[in-house]
Amino acid sequence: MPAILITGANRGIGLEFVRQYADCGWRVIATCRDPATAANLRGLAGAEPRIRIEALDLASPASIDALAGRLGGDLPLDVLLHNAALLGPGGSQLLGAWEEAPFLEAFRANALGPALLTQRLLPLVEAGSQRKIIFLGSAAGSIGLLQPPANLYAYRASKAALHLIARNLALELKPRGLVVGLVNPGLVDTRGLLDLAPEDPGPPDLQHLVKLVRAGVVPLIRPAASVTGMRALIDSWTLDQSGVFLNYDAQPLPW
Ligand SMILES: NC(=O)c1ccc[n+]([C@@H]2O[C@H](COP(=O)([O-])OP(=O)(O)OC[C@H]3O[C@@H](n4cnc5c(N)ncnc54)[C@H](OP(=O)(O)O)[C@@H]3O)[C@@H](O)[C@H]2O)c1
């Protein structure tokens, strides 16, 4: 039975990854910041004993060390799936509102945390049979795809840093037989906007986006479709493709 560790598993794309991998018979270590409040994840784990929930805050090196200690050396990991990320509020990321804290929070959660977690869990991945480390990157962190409006500076810059870490790791780990993948999930509807009734304006912070989705300008896809595409990619990712940046539908993306 293959094993996977998924970060940020309590909601959004991470929760869908847990559902699909568990449905396919994988052992899933599903991490989240606060297992006590992760109701949807606990619901899945209650019905499926192959899902094990573990606490992990990527912004805390102590939390990363504690997780590695709890996992010990006894569990080979076939796939280490770095899904979690902090988007952060948009307002504090606009030029004119910049301060140190939001940038540091984004870099800790989105770049430094995944790097430290990879370092700590590398022996478990090397002991697995598939030996894959997959990062969820973002088109928003691609310099080649940047276009106005200029926003989300902390999120975009921290994702660009993650992209570089993934590419660099791929170069270093290829001779050791480890595959490193970077995948963009597409524009995924993790807030249920596609299911809003026509007269429902949606959440106050997303009403502009709801209008664009309804106008067909922002082509959102459902989490299940994105995760199905990404799982197929992860399954077929070879050592020769280590270090490439792919969209969920297998299209190569610019850095
Ligand atoms: N949705 C999209 O359209 C889209 C597009 C491009 C890329 N992505 C990428 O795809 C991945 C999943 O996106 P999503 O839309 O599912 O995100 P989401 O709904 O915002 O969920 C983010 C997850 O990351 C967790 N997280 C945040 N900070 C963390 C930290 N310090 N330590 C541990 N976990 C932390 C959150 O936990 P809490 O519940 O505790 O906050 C949550 O589980 C992310 O890497 C994102 O950048 C998404």
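Structural data are supplied above this passage.
Residues numbered from 1 in each chain as written. Predicted model: local features only at pLDDT ≥ 70, side-chain atom pairs only at ≥ 80, totals over all residues. Heavy atoms only, no water.

What about the sheet that holds strand E5 (residues 132-136)?
Applied cut-off: Any two strands with at least two DSSP-identified bridges between them are counted as paired. The helix and strand labels rest on DSSP assignments: H or I over at least four residues marks a helix, E over at least two residues marks a strand, and numbering proceeds from the N terminus. Each axis is a line fitted through C-alpha atoms, and for a helix only the stretch in contact is used; angles between axes span 0 to 180 degrees, taken between their N-to-C directions. Should any heavy atoms of two residues lie within 4.5 Å, those residues are counted as being in contact.
Sheet architecture is open: seven strands sit in the order E3-E2-E1-E4-E5-E6-E7, paired in parallel fashion. The open sheet terminates on both sides in strands that have one partner only, identified here as strand E3 (51-55) and strand E7 (245-247). When the angles between neighbouring strand axes are averaged without regard to direction, this sheet yields 20 degrees. On top of the sheet, helix H7 (residues 223-236) reaches strand E4 (79-82), E5, strand E6 (179-184) and E7; it is set at about 150 degrees to E5, its chief contact.

Focus on the environment of Ala 127
Worth spelling out the cut-off: Using a 1.4 Å probe on the protein chains alone, a residue whose accessible area is under 20% of its type maximum counts as buried, one over 50% counts as exposed, and one in between counts as partly exposed.
Position of Ala 127 relative to the elements: it lies in helix H4 (residues 100-127). Assessed through its relative accessible area of 52%, Ala 127 is described here as exposed. With 50 residues separating them in the primary sequence, Ala 127 and Leu 77 have C-alpha atoms 6.9 Å apart.

So, the site of the ligand
How we decide: One heavy atom within 4 Å of a molecule or strand is enough for the residue carrying it to be called near that molecule or strand. The definition of a polar contact used here is a pair of N or O atoms within 3.5 Å, where within protein one atom must be able to donate a hydrogen and the other to accept one, and adjacent residues in sequence count solely through side-chain atom pairs. Values of accessible area rely on a 1.4 Å probe in the Shrake-Rupley scheme; residue burial ignores everything except the protein chains shown. Residues are grouped as follows: Ala, Val, Leu, Ile, Met, Phe, Trp, Tyr, Cys and Pro are nonpolar; Asp, Glu, Lys and Arg are charged; every other residue, Gly included, is polar.
Every one of the 25 residues lining the ligand counts as a neighbour, but Asn 10, Arg 11, Arg 33, Asn 83 and Tyr 155 are closest to it. Here an oxygen atom of the ligand sits 3.3 Å away from a polar atom, N or O, in the main chain of Gly 8. Coverage of the ligand by the protein amounts to 87% of the 900 Å² it exposes when considered alone. Elements with a minimum of two residues in the shell around the ligand: helix H1 (12-23) and helix H5 (153-173). Across the shell around the ligand, the residue classes break down as twelve nonpolar, nine polar and four charged.

Observations concerning the environment of Leu 253
Among the secondary structure elements, Leu 253 is positioned in the segment after E7. As for Leu 253 and Leu 5, which are separated by 248 residues in sequence, their C-alpha atoms are 25 Å apart. Leave out the neighbours within four places in its chain, and Leu 253 touches Leu 145, Asn 184, Phe 245, Leu 246 and Asn 247.

Comments concerning the packing of aromatic side chains
This is how the line gets drawn: The rule is short: rings of Phe, Tyr and Trp, with Trp giving its six-membered ring, pair when the centres are within 6.5 Å, and they are stacked under 30 degrees, edge-to-face over 60, tilted in between.
For the coordinates displayed, the defined rule picks out five aromatic pairs. Seen in terms of ring centroids, Tyr 21 and Trp 26 are 4.8 Å apart; in terms of plane orientation they differ by 65 degrees. Their pairing is edge-to-face. Residue classification places Tyr 21 among the buried residues on the basis of a relative accessible area of 1%. Under the relative-accessibility criterion, Trp 26 is labelled buried at 8%. Relative to Trp 255, the ring of Phe 245 lies with its centre 5.6 Å away and its plane at 40 degrees, an arrangement referred to as tilted. With Phe 245 in strand E7 and Trp 255 in the segment after E7, this pair connects stretches of sequence that are ten residues apart. Using a relative accessible area of 36% as the deciding quantity, one classes Trp 255 as partly exposed.

Section: the nonpolar core
The condition that has to hold: To form a nonpolar core, buried Ala, Val, Leu, Ile, Met, Phe, Trp, Tyr and Cys residues must be joined to one another through side-chain atoms within 4.5 Å.
One finds Phe 17, Val 28 and Leu 81 to be the most contacted residues of the largest nonpolar core, which totals 32 residues. Among the secondary structure elements, those contributing two or more residues to this core are strand E1 (3-6), H1, strand E2 (27-32), helix H2 (39-47), E4, E5, E6 and H7. Looking at this core element by element, the count peaks at six residues for H1. If we ignore the near neighbours within four places in the chain, the residues touching Leu 81 are Ile 4, Leu 5, Ile 6, Thr 7, Phe 17, Tyr 21, Ile 134, Leu 136 and Ile 234.

What about H4?
Put simply, the rule is: Expected span of a helix, by definition, is 1.5 Å for each gap between consecutive residues, and there is one gap fewer than residues. Fitting axes to the seven residues ending at a residue and to the seven starting there, one defines the bend at that residue as the angle between these axes.
Its 28 residues give H4 an end-to-end C-alpha distance of 39 Å, which sits within 8% of 40 Å, the value for a rise of 1.5 Å per residue. The sharpest bend along H4 measures roughly 55 degrees and falls at Leu 121, with the proline Pro 123 sitting one to four residues further on. Of all the residues in H4, the buried ones are Ala 106, Ala 109, Asn 110, Ala 111, Gly 113, Pro 114, Leu 117, Thr 118, Leu 121, Leu 122, Leu 124 and Val 125. Contacts from the buried residues of H4 go to E1, helix H3 (61-71), E4, E5 and H5.

Section: the pattern of salt bridges
As a reminder of what qualifies: Only one rule defines a salt bridge in this text: a Lys or Arg side-chain nitrogen within 4 Å of an Asp or Glu carboxyl oxygen.
Across all of its chains, the model carries eight salt bridges by this definition. Across the pair Glu 48 and Arg 50 runs a salt bridge, and its minimum N-O distance is 3.3 Å. On the basis of relative accessible area, Glu 48 is assigned to the buried category, the value being 18%. Here Glu 126 and Arg 176 are joined by a salt bridge, their closest N and O atoms 3.2 Å apart. Taken together, the positions of Glu 126 in helix H4 and Arg 176 in the loop between H5 and E6 put the pair 50 residues apart, joining distant regions of the chain. Given the relative accessible area of 38%, Arg 176 is considered partly exposed.

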